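Below, each chain spelled out in residue letters.
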Amino acid sequence: MDRNYSIETKCIHSGWNPGNGEARQIPIYQSTTFKYDSADEMGKLFDLEASGYFYTRLQNPTNDAVAARIADLEGGVGAILTSSGQAATFFSIFNICEAGGHIICTSEIYGGTFNLAGVTLKKMGIDCTFVSADATDEELDAAFRPNTKLVFAESISNPALVVLDIERFAAAAHRHGVPLIVDNTFATPVNCRPFEWGADIVTHSTTKYMDGHAVQVGGCIVDSGNFDWEAHADKFPGLTTPDESYHGITYTKKFGKLAYITKATSQLMRDLGSIPSPMNCYLLGVSLESLPLRMERHCSNALAIAKHLQSHEKIASVHYPGLEGDKYYELAKKYMPNGTCGVISVEVKGGRESAVRFLDSLKLASIATHVADAKTCVLHPASHTHRQLTDEQLKEAGISAGLIRMSVGIENVDDLIADIDQALEKA
Ligand SMILES: *Cc1c(COP(=O)(O)O)cnc(C)c1O
C-alpha cells in the first residue's frame, strides 16, 4: 500500500486490494490445500522457486492478507501470523537463537514471556539474562555475552506499564551486533512504531487490542528488514549458511530483506506448525479496521479515569504512563505521543479487603483475566494472578495488596466513572 497513507487508512485498506468484481472484504479461504494443474508447478513451490499456496500450515491467502496489513501498519517488509502471542514470541526468538545461545529480556515483561524465557527456553538450551527496562547503559552492556543473539522487550509492559526507551535499547543491541525485538502488543502500531526508533523485529499478541472484542487468540511477527544479518554472519548461521532442509538455500542470499520472515515461515512453521485458522485471521482483519478509533477511545477513557482517581479519597496511587507526573510520562510522550493504552493500575486504600469489596461492588466493569478489549474489566493480583503469595511476598514482588489492574474499555466514560465511584463508596 502507498506508504504515504495515514495509519487510519492503512488499517482499512492495507493487505487487500480487490479487483473488479472481487470480494470487498478479505475472503475466508477455509481450505487446507490448493490445487495445481501440473506436477512441475507444484514442485517449484516446494523448492521455494515460485511463490504460491499449497498447504495452509505454510501459507494461506486469508492469513497472508491480514499479515500484510499488520506489516504495513508497523512499516515492515513482511509478517507472519501465529496461533497465539506466545507462539509469536517463541518463533521470533527461536528463528535466530538455538541451543547454546543466550538472550537478554527485560524483567518487567508479560508473565507468559517471563516463563518462556526463564524456564522453557532454558530446557531447550537457551539461556536468558533478565535486565530491568530502567537499566543503565553500563548495566545493559554487562548483560551481553559472546553467544548473545538478541534483546527482547515490550514497548509498554503488561501489566507493570513500564515504557521502554526503545532508542537506547536498540543502540545497545546494535553495539553488540544483535537485533532488538519489541513486543508492541499494548501500544499497537497506532500508538507506537518501534521500527522508527531502531527496533528490528516486532511481535504482537493480536488477542489484545488488535482483536479488541475477545473473539480470537493470535500472534504476529513483523520484520523491519533492517538488520544486516550478513554483517554478523557468524552469529546467525541459520540465516547466512545453507539450510540442508531446503536443498541448501541460504536465506540471506536468496531472500535479502525477507530472509528472517521467510525462514520463520518455511522452516519453523513447516516443522512446528502454529498457524491461526483462516477464520480467526478474518476476524482479526475485520477488527483492525476500527483499531485507530478504538485506541483513541481506550486512551481518552483511561486518562479521564486515571485523572479522576488521582484525587479520589479512597485511592492511594494511580499508575498510567499517559498521566502527567507518572514515572514513564516523558518516555511515553516521546514514543507514543498520541496515547499509550487503556490499562491503568490503581491502589485502593485499605489493602486486600477494600480491593475485594470494590471489585465485588462493580456493576458495569467485569472481573476477568483478559485485558485490552472493548469491555472494561478489572483484576486484583493479590486475589487472582498472585493469590498464593502472602502480603510480605507481594511486597517483594512489587505488588501491593490493594493494587487493581483496570483494563478500560470503550464504553461511555461517565458510565464507567459512575460505576467506579459507587463501588469505591462500598470499598
Ligand atoms: C497476552 C500477551 C502475550 C501472549 O499472548 P497470547 O495471545 O495470550 O498467547 C504476549 N505479550 C503481551 C504483552 C501480552 O499482553
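Note: the structure precedes this text.
Just so it is clear, the model here is predicted, and its values are computed rather than measured.

## What to know about the overall build of the protein
- The secondary structure content of the protein amounts to 17 helices and twelve strands.
- Radius of gyration (C-alpha) of the protein: 22 Å, near the 22 Å computed for a compact globule of 427 residues.
- Residue burial in the protein is summarised as follows: out of 427 residues, 54% are buried.
- Pairs at least 24 apart in sequence give 72% of the contacts found in the protein among residues at least 6 apart.
- If the 37 positive side-chain charges of the protein are averaged to one point and the 52 negative ones to another, these points end up 2 Å apart.

## Quick word on empty space enclosed by the protein
- The tally for this structure, following the rule as stated, stands at one cavity of 30 Å³ or more.
- By volume, the largest cavity amounts to about 40 Å³.
- Its residues assigned to classes, the lining of the largest cavity comprises four nonpolar, two polar and two charged.

## Considerations on the environment of Lys314
- Here Lys314 lies in the loop between helix 13 (291–310) and strand 8 (315–319).
- Take Lys314: its relative accessible area is 24%, and that puts it in the partly exposed class.
- Linking Lys314 and Asp421, residues 107 residues apart in sequence, is a C-alpha distance of 9.6 Å.
- Non-local contacts of Lys314, meaning those with residues more than four positions away in its chain, are made with Val348, Lys349, Leu424, Glu425 and Ala427.
- Engagement of the side chain of Lys314 in a polar contact is seen with the backbone oxygen of Glu425, the distance being 3.3 Å.

## Section: the environment of Gly219
- Residue placement: Gly219 occurs in strand 7 (residues 219–223).
- When its relative accessible area of 1% is taken as the criterion, Gly219 is described as buried.
- The spacing of Gly219 and Cys281 is 62 residues in sequence and 9.9 Å in space, taken between C-alpha atoms.
- Sequence-distant contacts of Gly219, that is, excluding residues within four places in its chain, are made with Ile80, Leu81, Thr82, Ser83, Ser84, Gly85, Ala88, His204, Ser205 and Thr206.

## Overview of the site of the ligand
- Residues in contact with the ligand amount to 14 residues; listed here are only the nearest, Asn158, Asp183, Ser205, Thr207 and Lys208.
- A distance of 2.7 Å separates a nitrogen atom of the ligand from a polar side-chain atom of Asp183.
- Within the contact set of the ligand, an oxygen atom lies 2.7 Å away from a side-chain nitrogen or oxygen of Lys208.
- When the free accessible area of the ligand is taken as 380 Å², the share hidden by the protein chains comes to 92%.

## Re the sheet that holds strand 10 (residues 366–367)
- Taken in spatial order, the five strands of this open sheet run 8-9-12-11-10, and their pairing is mixed. Single-partner strands in this sheet number two, and they are strand 8 and strand 10.
- Inspection of the sheet shows strand 11 (residues 377–379) paired to strand 12 (residues 403–407) by three bridges, in the antiparallel sense. Paired with Cys377 across the bridge in strand 12 is Ser407.

## Quick notes on the pattern of salt bridges
- In this structure the tally under the stated criterion is 13 salt bridges.
- Between Arg168 and Asp165 there is a salt bridge, with its nearest N and O atoms 3.4 Å apart.
- Residue class for Arg168 comes out partly exposed when judged on its relative accessible area of 22%.
- Residue Asp165 is classed as buried on the basis of its relative accessible area, which comes to 16%.
- Residue Asp271 is joined to Arg270 by a salt bridge in which the shortest nitrogen-to-oxygen separation is 2.7 Å.
- Among the charged side chains, a salt-bridge network with shared partners connects Lys122, Asp127 and Arg145.

Parameters at a glance
- Residues numbered from 1 in each chain as written.
- Predicted model: local features only at pLDDT ≥ 70, side-chain atom pairs only at ≥ 80, totals over all residues.
- Heavy atoms only, no water.
- Helix = DSSP H or I, 4+ residues; strand = E, 2+ residues; numbered from the N terminus.
- Rg over C-alpha atoms; globule rule 2.2 N^0.38 Å.
- Buried < 20%, exposed > 50% of the residue type's maximum accessible area, 1.4 Å probe, protein only.
- Contact = heavy atoms within 4.5 Å.
- Lys, Arg positive; Asp, Glu negative; His and termini not counted.
- Charge placed at Lys NZ, Arg CZ, Asp CG, Glu CD.
- 1 Å grid on protein atoms, 1.4 Å probe; cavity = no way out; pocket = protein on both sides within 12 Å on 5 of 7 lines; lining within 4 Å.
- Points joined across faces, edges and corners; volume = space filled by probe spheres on them.
- Nonpolar A, V, L, I, M, F, W, Y, C, P; charged D, E, K, R; others polar.
- Polar contact = N/O pair within 3.5 Å; in protein donor to acceptor, adjacent residues only side chain to side chain.
- Near = heavy atom within 4 Å.
- Areas by Shrake-Rupley, 256 points an atom, 1.4 Å probe, with all protein chains shown as cover.
- Pairing = 2+ DSSP bridges.
- Salt bridge = Lys/Arg side-chain N within 4 Å of Asp/Glu carboxyl O.

Shape descriptors only; they carry no functional weight alone.
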